[in-house]
Amino acid sequence: MLSSIMAQETCSSSSSPSSSSSNQTWSYDVFVSFRGKDTRYKFTDHLFAALDRSGIHSFDDNRKLERGKDIWTELEKAIQKSRIAVIVFSENYADSEWCLRELAKIMECKQNLQQIVLPVFYEVSPSHIQSQKGSLEKAFVSHEGCFEVDEVKRWRDALTEAANLSGWDSKDDENRFESKFIRKIIEDISGKLNEFAHLTVASHPVGIESRMQELNKLLNKHSSDVCMVGIWRIGGIGKTTTAKAIYNQLQRRFESSYFLENVGEIAKQSQGLIYLQNQILSSVHVNDNSKVEVVDKGTTVIKNRAWCKRVLVVLDDVDH
Ligand SMILES: Nc1ncnc2c1ncn2[C@@H]1O[C@H](COP(=O)(O)OP(=O)(O)OP(=O)(O)O)[C@@H](O)[C@H]1O
Ligand SMILES: [Mg+2]
């Protein structure tokens, strides 16, 4: 009878999206930023092919830039419209003004639109990119001679931030075989996209907007504390439908989100609560397959994993 929406926003580093981002719609699943000279005919070509085969819609500048249009404006638009940005760092990535402009734009979209950013370190070590020494230092010195100091600083900052994100390293022993490496990347991207898949609401929705507005007033989105809202009314009135609609609207603002269906029914079954806890855990900590087996322990594990994350959980059909 009750749908419960819990929104936890405890990470001070995660800013609230600006109002312009609240209506953000994505045109692409993935934007890949790469240095053509290093990887266009090798790794990135295989990556695009694998994305295609998996039905993941990517922006490929080779195919999609319309001739005669301002290329940077088109690229900028494509970055902004991509749910995930994959940055393929390679030896000469920072030599290119274009790559660095893309990178700075991507980090801006991460901040303002909660775009997911995933770095790939292709035949370069993360520490090499993070340190910005050697060939990177040279590249930046050369850029400083041609571009505004502030602009180059923005590029440097974006590079440092991106290189410190968790990503994939082609130099890891387990990633030496390129096809296997790419398969892993695709699996990870698919998992992330599935997390953000929209729930189907009613086929002909009526009056959902006004209900969502009411709910939005109750969810204090700028609070840094845990926020919980319950929807409680008679059966069949549209609680689940409203909760799904609000979940679709809010989920991209969170690092993890989960819509748990039939909570009341499942919780009554033996092992039901553990099942539900594991569902929440799987979304909070995507790369960790560990499972809990005892309810009391599950409560602690969820707290430990989720305390510093922005998490949205909807528990549908809760009876008490
Ligand atoms: N705003 C709406 N516009 C059109 N159809 C709606 C709307 N809200 C609900 N419905 C439809 O009404 C039916 C019942 O809605 P829903 O399952 O959301 O109700 P509920 O309150 O969650 O019910 P229960 O208490 O049984 O869980 C569904 O078929 C749903 O698609
Ligand atoms: Mg319901």
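Up top is the structure.
Residues numbered from 1 in each chain as written. Chains lettered and ligands numbered in written order. Predicted model: local features only at pLDDT ≥ 70, side-chain atom pairs only at ≥ 80, totals over all residues.

Caption draft 1: The arrangement of the packing of helix H13 (residues 272-284) against helix H14 (residues 295-306) in detail. Here H13 crosses H14 at 15°, and the two axes come no closer than 10 Å. One way to sum up the angle between H13 and H14 is to call them roughly parallel. Our pair here, H13 against H14, has a crossing hand that is left-handed. Listed contacts from H14 to Leu 273, Ile 274, Gln 277, Ile 280, Leu 281 and Val 284 of H13 are Val 295, Gly 298, Val 301, Ile 302, Arg 305 and Ala 306. (Axes fitted to C-alpha atoms, helices over the stretch in contact; angles between N-to-C directions. Helix = DSSP H or I, 4+ residues; strand = E, 2+ residues; numbered from the N terminus. Parallel < 35°, antiparallel > 145°, perpendicular 65-115°, else oblique. Left-handed = near helix turned anticlockwise from the far one by under 90°. Contact = placed C-beta atoms within 7 Å.)

Caption draft 2: Highlighting the site of ligand 1. With respect to spatial proximity, 15 residues lie near ligand 1, and among them Ala 202, Gly 238, Lys 239, Thr 240 and Thr 241 are the closest. If one sorts the elements of the shell around ligand 1 by residue count, helix H11 (residues 239-250) sits on top with three residues. Along the lines of polarity and charge, the residues of the shell around ligand 1 split into six nonpolar, seven polar and two charged. (Near = placed C-beta within 6 Å. Nonpolar A, V, L, I, M, F, W, Y, C, P; charged D, E, K, R; others polar.)

Caption draft 3: Representation of the sheet that holds strand E2 (residues 28-34) within the structure. Spatially, E3-E2-E4-E5-E6 is the arrangement adopted by the five strands of the open sheet, whose pairing is parallel. Of all strands in the sheet, those with a lone pairing partner are strand E3 (58-59) and strand E6 (168-169), marking the two edges. Note: E2 against strand E4 (residues 82-89), six bridges, orientation parallel. Looking at E4, one finds that Phe 34 is bridged to Val 88. Against the sheet, helix H2 (residues 43-53) engages E2, E3 and E4, with an angle of about 175° to E2. (Pairing = 2+ DSSP bridges.)

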